[in-house]
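# An overview of the molecular structure
What follows is each chain in one-letter form.
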Amino acid sequence: EEVYFHLFNSLAERTTDKQVVVAGGCALNSVANGGIFDATPFTHTCIQPAAGDDGLALGSALYVTNSILREGRRWIMDNTYLGPQYSNYDIESELKRQGLCYQQLKRDELLVATVKELVSGNVVGWFQGRMEWGPRALGNRSILAHPGFPNMKSILNDRIKNREAFRPFAPAVLAEHQNEIFDHSYPSPYMLHVYGIRPKWRDKLSAVNHIDNTGRLQTVSERENPVYYSLISKFHSKTGIPVILNTSFNENEPIVCKPAEAIDCFRRTKMDILA
């Protein structure tokens, strides 16, 4: 991280610009990214969500359109939901094939039912819309839980994730409440920054507050993911906490993509509910 910040500061000496674009595997170091604002003069970062080798595909495409073809069109990445999606028919067919009992609920009924499970301390597999592009689950292929429920971190590790104890789980926060809870207000929609959690929130967020009182947050806006945003909003209304615990929908394998993979993971682990 010292070398990382040295490179930023060396760059800052050669420009008056306060915005910096970062790419490559080092850009997935969320702790270092959060420190950019304290350790360097830069005030804005642009880090696309698949900042490792998979991001080379995006860079190559942008190079061709801008530098070779000179098409002059500008594409703005305003979310990371670029992967496959599946219809209700696809999902229902797989549930029937695997012989599972299920309910089909309208959107608001589904949100209310899911929040009820989260408030009760149950663990929810959450599968909706297009899959996220990049290594972070950001509310479309996620396992969700109450961020302040007693022993929730241990529950997730014992029943599903089997992670080392030092690895934290992530808080997903409503964008308008970020500055109230964290010590930086710069958005982190792709879960690529770690910020300090303010003292009065640490106990309320015990399952996502790391040992050094930080969190690798995802800021969630209604524009980027309206269903996920509505779920967190309803959880906030019930608990007074505008945050839920979000971890990737998997158990020692790649993040689930297809309905069959989500159902297999649900059945193989001790998840409570699959939505």
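For the structure itself, consult the block above.
Reading guide: rules and limits
- Residues numbered from 1 in each chain as written.
- Predicted model: local features only at pLDDT ≥ 70, side-chain atom pairs only at ≥ 80, totals over all residues.
- Heavy atoms only, no water.
- Phe/Tyr/Trp six-rings, centres within 6.5 Å; stacked < 30°, edge-to-face > 60°.
- Helix = DSSP H or I, 4+ residues; strand = E, 2+ residues; numbered from the N terminus.
- Buried < 20%, exposed > 50% of the residue type's maximum accessible area, 1.4 Å probe, protein only.
- Contact = heavy atoms within 4.5 Å.
- Arc of directions from axis to C-beta.
- Salt bridge = Lys/Arg side-chain N within 4 Å of Asp/Glu carboxyl O.

### Comments concerning the packing of aromatic side chains
Scanning all chains against the criterion turns up six aromatic pairs. Between the aromatic rings of Phe8 and Phe42, the centroid separation amounts to 6.2 Å while the plane-to-plane angle is 70 degrees, which identifies the pairing as edge-to-face. Of the two residues, Phe8 is situated in helix H1 (residues 2-12) and Phe42 in the loop between helix H2 (30-39) and strand S2 (44-46); the sequence distance between them amounts to 34 residues. A single burial state applies to Phe8 and to Phe42, both of which are buried.

### With respect to the side chain of Gln218
Of note, Gln218 is situated in strand S7 (residues 214-220). Judged by relative accessible area, which is 2%, Gln218 ranks as buried. Those residues in contact with Gln218, other than ones at most four positions away along the chain, are Tyr81, Leu138, Pro171, Ala172, Val173, Ser188, Pro189, Met191, Tyr228 and Asn246.

### Quick look at helix H9 (residues 259-268)
Those residues of H9 that fall on the buried side of the exposure criterion are Pro259, Ala262, Ile263, Cys265 and Phe266. Considered in projection along H9, the buried side chains sweep an arc of 160 degrees and stay on one side of the axis. Against the buried residues of H9 lie helix H4 (88-97), strand S3 (124-127) and strand S9 (273-274).

### Remarks on the pattern of salt bridges
If you walk through the whole model with that rule in mind, you get nine salt bridges. We note a salt bridge from Arg223 to Asp78, for which the minimum N-O separation is 3.7 Å. Separated by 145 residues along the polypeptide, Arg223 in the loop between S7 and helix H8 (226-239) and Asp78 in the loop between helix H3 (55-68) and H4 bring together distant segments of the chain. What makes Asp78 partly exposed here is its relative accessible area of 35%. With a closest N to O distance of 2.8 Å, Glu251 and Arg268 form a salt bridge. You can see Glu251 sitting in the loop between strand S8 (243-248) and H9 and its partner Arg268 sitting in helix H9, a full 17 residues away along the chain. By relative accessible area, which is 44% here, Arg268 ends up partly exposed. Connected through salt bridges with shared partners, the residues Asp78, Arg223 and Glu224 form a single ionic network.

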